[in-house]
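Understanding the architecture of this molecule
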Amino acid sequence: MKMLTFANRTTKEILRDPLNLALGLGFPLVLILLLSAIQANIPVDIFEIQHLTPGITVFGLSFMTLFSATIIAKDRSSALLQRLYTTPLAAIDFILGYTLPIVPIAVAQCVICYVAATILGLKITMNILYAVVFIIPVSILFIALGLLCGSVFTDKQVGGICGALLTNLSAWLSGTWFDLELVGGVFQKIAYGLPFVHAVEMERDILAGSFADIFPHIWWVLGYAVAALVIAVLLFLRQMKKQ
Amino acid sequence: MDAIRIEALTKKYKDVVAVDNLSLTIYKGELFSLLGLNGAGKTTTIKMLSCLTTPTSGDAFLNEKSICRDTADVKELIGVSPQETAVAPGLSVRENLELICGVYGFPKEKQNSKIKELTELLGLEAVLKKKAGKLSGGWQRRLSIAMALISEPQILFLDEPTLGLDVLARSELWDIIRSLKGKATIILTTHYMEEAEELSDRIAIMKDGKLLICDTADKIKEIAETDNFAQAFINIVKGVSK
């Protein structure tokens, strides 16, 4: 009950910010439309709708990191968290209250992307539903990164680190915009050592119905998600104690 | 009867001693002010008493509950209005109050009656539907105090409640604080002399984490050999009083 009250507040704060809606729900949609328009004029394999959409749904989650990091950092700077720490809310209430409300927003973003993709020619299959379901663990990874950044950085720093750095990293190293094999070398090795490209390839395999191929990508995603969540919780508890 | 008993409370941050061996007693129903310059240790004291910061040594007892061992019990006793305007900016005034009611697990009926009562007490009717982030500093402070009062605290901490407010907003907030007298034991931190003198039953003056004096405003003036409280404060902080 206490956690749900806090989670409800998190949802309201995020959804009432028009910039959040524009970035989180609008921007991925614009990218799909824009890149599909480019694809119509200059066909590129990677921008075919069945390849592009899973990449955009994963890239769009970088805004979930921005949402969670921003709200935590702002709560810290405004002392709202300080006030709430003096109430009966426990640490687990805070962590779940910041994490859970963003999951449905991430799923909604994914659904919107797939609806747009079907209008642009993506074949409607049950695999779309599976792709939406499997976006949940990926979203946990991105939300945990937000919890981690929000516990460490100020609201201004969060804008730069999550808004600029993470969105670029998750874009360049995900194989959404260009084939990583074209670059190869250390760049490709770094990309495959991080979870973003694995998340995109897992989603592409699910959409294509190649469920056997989601391994080992899913292990990378789950491994990073668990690690990010554990580190995020520890850092959140540390800043809570530092109050 | 004692509401708060502080025993040799100390807080160190690396080489800095923020609060140094503080001992004092605050009585039930009292409006008690912690007065001092910036960095005197007022906010750190409040943070320790409200279980936000663990003391390096010493202890304090709020209604006989230890801030070191009985933190859950202490949290049930207190309400805190922090120095910064600690409100959820994207929520309306009513939603902010509902948030705190929910955090304390109030049923719907109690929630509605509590919001009505505090809205009237703090004069928030006109702004109840407005977003907290759009309110002026004075209104945000009122909301912040209302949020601190929701849990019907026996001990209320007001950390610099009028900081940055204009004269009129400050005067209005003083009236509100006066109206709270008797409803709870109130501990107020401030660096405004007139605020401490005007509102408090007793005043503790702190400097560099140490307690210099703790008495009524009149007694402090008498000890400092002046009729002016601001001058008395200066004399005591500079160490020129007897």
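Before any of the text, the structure's been laid out above.
These lines cover the structure that appears in this document, whether it is placed above or below. (Residues numbered from 1 in each chain as written. Chains lettered and ligands numbered in written order. Predicted model: local features only at pLDDT ≥ 70, side-chain atom pairs only at ≥ 80, totals over all residues. Heavy atoms only, no water.)

Attention now goes to the packing of aromatic side chains. All names here are of chain A. A complete count under the given rule lists 15 aromatic pairs over all chains for this structure. Between the aromatic rings of F59 and W177, the centroid separation amounts to 5.5 Å while the plane-to-plane angle is 80°, which identifies the pairing as edge-to-face. Of the two residues, F59 is situated in helix α3 (residues 49-60) and W177 in the loop between α9 (155-172) and α10 (180-183); the sequence distance between them amounts to 118 residues. Residue classification places W177 among the partly exposed residues on the basis of a relative accessible area of 21%. Their ring planes at 20° and their centres at 6.4 Å tell us that W220 and Y224 sit as a pair that is stacked. Taken together, the residues span about one helical turn, with W220 and Y224 both in helix α13 (residues 217-242) at a distance of four residues. The exposure class of W220 is partly exposed, given its relative accessible area of 32%. (Phe/Tyr/Trp six-rings, centres within 6.5 Å; stacked < 30°, edge-to-face > 60°. Helix = DSSP H or I, 4+ residues; strand = E, 2+ residues; numbered from the N terminus. Buried < 20%, exposed > 50% of the residue type's maximum accessible area, 1.4 Å probe, protein only.)

Turning our eyes to something else, we now look at the environment of L168 of chain B. Residue and element names in this part refer to chain B. Structurally, L168 is set in helix α6 (residues 167-180). A relative accessible area of 59% means that L168 is categorised as exposed. C-alpha of L168 to C-alpha of G138: the two residues are 30 residues apart in sequence and 9.2 Å apart in space.

Let us look at a nonpolar patch on the surface. On the surface, F27, V30, L34, I38, I42 and V44 of chain A cluster together into a nonpolar patch covering about 500 Å² of accessible area. Here V30 of chain A is to be found in helix α2 (residues 18-41). (Patch = residues over 30% accessible without salt bridge, like charges linked within 9 Å, V, L, I, M, F, W, Y side chains within 5 Å. Areas by Shrake-Rupley, 256 points an atom, 1.4 Å probe, with all protein chains shown as cover. Salt bridge = Lys/Arg side-chain N within 4 Å of Asp/Glu carboxyl O.)

Remark on secondary structure: sheet strands pair via backbone hydrogen bonds, oriented parallel or antiparallel. All names here are of chain B. Strand order in the open sheet formed by six strands is β6-β7-β8-β3-β9-β10, with mixed pairing between adjacent strands. With one partner strand each, in any of the chains shown, β6 (78-81) and β10 (210-215) form the two edges of the open sheet. Here the average twist between neighbouring strands, direction ignored, is 15°. Pairing of strand β3 (residues 31-36) with strand β9 (residues 202-207) involves five bridges; the strand directions are parallel. Each bridged residue has a counterpart across the sheet, and for L34 the counterpart in β9 is A204. Sitting on the sheet, helix α1 (residues 42-49) is in contact with β3, β7 (155-159), β8 (185-190) and β9, with an inclination near 135° to β3. The strands that helix α5 (residues 137-149) touches are β6 and β7; relative to β6, the one it contacts most, it runs at about 165°. (Pairing = 2+ DSSP bridges. Axes fitted to C-alpha atoms, helices over the stretch in contact; angles between N-to-C directions. Contact = heavy atoms within 4.5 Å.)

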